[in-house]
Amino acid sequence: MLDNIHIILINTTHPGNIGAAARAMKTMGLNNLILANPYAKFPSAEITARAAGADSVLENTKVFASFAEAIKDFNVVIGTSAEERRLPLQRLTARECAEFVCAQNPAEKIAIVFGTERSGMSNEELALCQRQVVIPTSPDCTSLNLAAAVQVIAYEVFVAACAAERAEMPIKAAHDRLATSAELQQFYEHLEQTLLEIEFLNPVVDKKIFPRLTRLFNRACLETGEVNLLRGLLKALRKNSQTGCHPRESGDPG
Ligand code: SAH
């Protein structure tokens, strides 16, 4: 039932945290662990010892060289961080995150992402996410241990996962499915090139506009069909800015 939900740990340093995260997941019915460029050696005896019986999660664990590589075919990517950001994403509590995740079509691949122990998720990593989850805490101490944070989120997801409701959800047609992270990144490259070309963007004058645009599109959780529509729009914009004329003037009946 929770097969579409993956936990991604970025640059994890302590083997004990990987093992404890696997155990936390196993207790809550989550089996898909991904390590993005782990600093700790994987697998290792210490990880297995701390997993305490969650061997199936470790056997199923996939390792990727980078976070961007790891999320290429994911449709929903949710970052976790206690920190306020300069360019904030839409923020959810752990409980709201679980509800959001369980409201998605079970065919969508969902990643919930955790940062490295020392510094958490970077702004660049969060910019690849569609939502930021904050686990509510006492204001005196806002940062949980990595595996404890995984446990809280996994628990909320488990509680929110209502099997009956999910089973009744219709499977959407392929073009109605949410776009993957790779499709979104291709769209953003296309968008940036086009906006530079039509001189809407000027990186020397204002570097903040483009990140604001990608944040807006991330918030929308675009479907593949919608990404294709937007890319069609970019193509038309580009063509018309090159020819310098309106489609109607160029004989286009539409
Ligand atoms: N010093 C780091 C702490 C990292 S803790 C920082 O200030 O961000 C390791 C990871 O646990 C974080 O990257 C985040 O993924 C998760 N985490 C810890 N506390 C959290 C909280 N209150 N809300 C959301 N995620 C949290």
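Residues numbered from 1 in each chain as written. Predicted model: local features only at pLDDT ≥ 70, side-chain atom pairs only at ≥ 80, totals over all residues. Heavy atoms only, no water.

J.: Honestly, the domain arrangement of the protein chain in this entry has me stumped. Any pointers?
T.: It is common to report an interface's size as the accessible area lost on association of the parts. Domain assignment breaks the protein chain into domain 1 (5-167) and domain 2 (181-250). Here the C-alpha centre of domain 2 lies 31 Å away from the C-alpha centre of domain 1. Carbon and sulfur atoms make up 56% of the surface buried where domain 1 meets domain 2, a total of about 1000 Å² over both sides. Remark: the boundary between domain 1 and domain 2 carries 0 salt bridges. Our count for the domain 1 to domain 2 interface comes out at 7 residue pairs in polar contact (both at pLDDT 80 or more). Tallied by class, residues from the side of domain 1 that touches domain 2 come to 9 nonpolar, 2 polar and 2 charged. (Domains from an automatic or database assignment. Buried area = accessible area lost by both parts, 1.4 Å probe. Salt bridge = Lys/Arg side-chain N within 4 Å of Asp/Glu carboxyl O. Polar contact = N/O pair within 3.5 Å; in protein donor to acceptor, adjacent residues only side chain to side chain. Nonpolar A, V, L, I, M, F, W, Y, C, P; charged D, E, K, R; others polar.)

J.: Sorry, what's going on with unusual backbone geometry here?
T.: With the exception of glycine, most residues fall at negative phi, and the peptide bonds are largely trans. The residue after Phe-42, namely Pro-43, is reached through a cis peptide bond having omega -5°. Within the element layout of this structure, Pro-43 appears in the loop between β2 (32-36) and α2 (45-51). The residue Cys-221 is not glycine, and still its phi comes out positive at about 50°. (Helix = DSSP H or I, 4+ residues; strand = E, 2+ residues; numbered from the N terminus.)

J.: How should the environment of Leu-184 be read in this particular structure?
T.: In this structure, Leu-184 sits in helix α9 (residues 181-197). On a C-alpha basis, the gap between Leu-184 and Ile-7 in space is 20 Å, while along the polypeptide they are 177 residues apart. Apart from the residues within four sequence positions on either side, Leu-184 is in contact with Gln-130, Ala-179, Asn-218, Leu-222 and Val-227. (Contact = heavy atoms within 4.5 Å.)

J.: Quick question: what am I supposed to make of the site of the ligand here?
T.: The environment of the ligand is made up of 21 residues, and the closest members are Thr-80, Arg-118, Ile-135, Thr-142 and Leu-144. The backbone of Ile-135 places a nitrogen or oxygen atom 2.8 Å from a nitrogen atom of the ligand. Backbone polar atom of Leu-144 to a nitrogen atom of the ligand: 2.9 Å apart, as the coordinates give it. Compared with its free state, where it exposes 540 Å², the ligand has 89% of that area covered by protein. Where the shell around the ligand is concerned, the elements lending two or more residues are β7 (131-134) and α7 (146-160). Counted by class, the shell around the ligand contains 9 nonpolar, 9 polar and 3 charged residues. (Near = heavy atom within 4 Å. Areas by Shrake-Rupley, 256 points an atom, 1.4 Å probe, with all protein chains shown as cover.)

J.: Before we go on, may I ask you to explain helix α10 (residues 209-220) in this structure?
T.: Since the α-helix turns once every 3.6 residues, residues separated by three or four places project in the same direction. Relative to the 16 Å expected for 12 residues at 1.5 Å per residue, α10 spans 17 Å between its end C-alpha atoms, a close match to the ideal helical length. Looking only at α10, the buried set comprises Phe-210, Thr-214, Arg-215, Phe-217 and Asn-218. Along the axis of α10, the buried positions cluster into a sector of 165°, meaning they face one direction only. Taken together, the buried residues of α10 touch β7, α9 and α11 (224-243). Looking at the residues trailing α10, positive phi occurs at Cys-221, about 50°. (Expected span 1.5 Å × (residues − 1). Buried < 20%, exposed > 50% of the residue type's maximum accessible area, 1.4 Å probe, protein only. Arc of directions from axis to C-beta.)

J.: Is there a simple way to explain the environment of Glu-108 in this structure?
T.: Checked against the element boundaries, Glu-108 lands in the loop between α5 (94-102) and β6 (110-114). For the pair Glu-108 and Tyr-155, spaced 47 residues apart in the sequence, the C-alpha separation amounts to 20 Å. Once you skip the residues sitting within four places of it in the chain, Glu-108 turns out to touch Asn-4, Asn-75, Arg-177 and Leu-178. Of note is the side chain of Glu-108, whose polar atom sits 3.2 Å from the backbone nitrogen of Leu-178.

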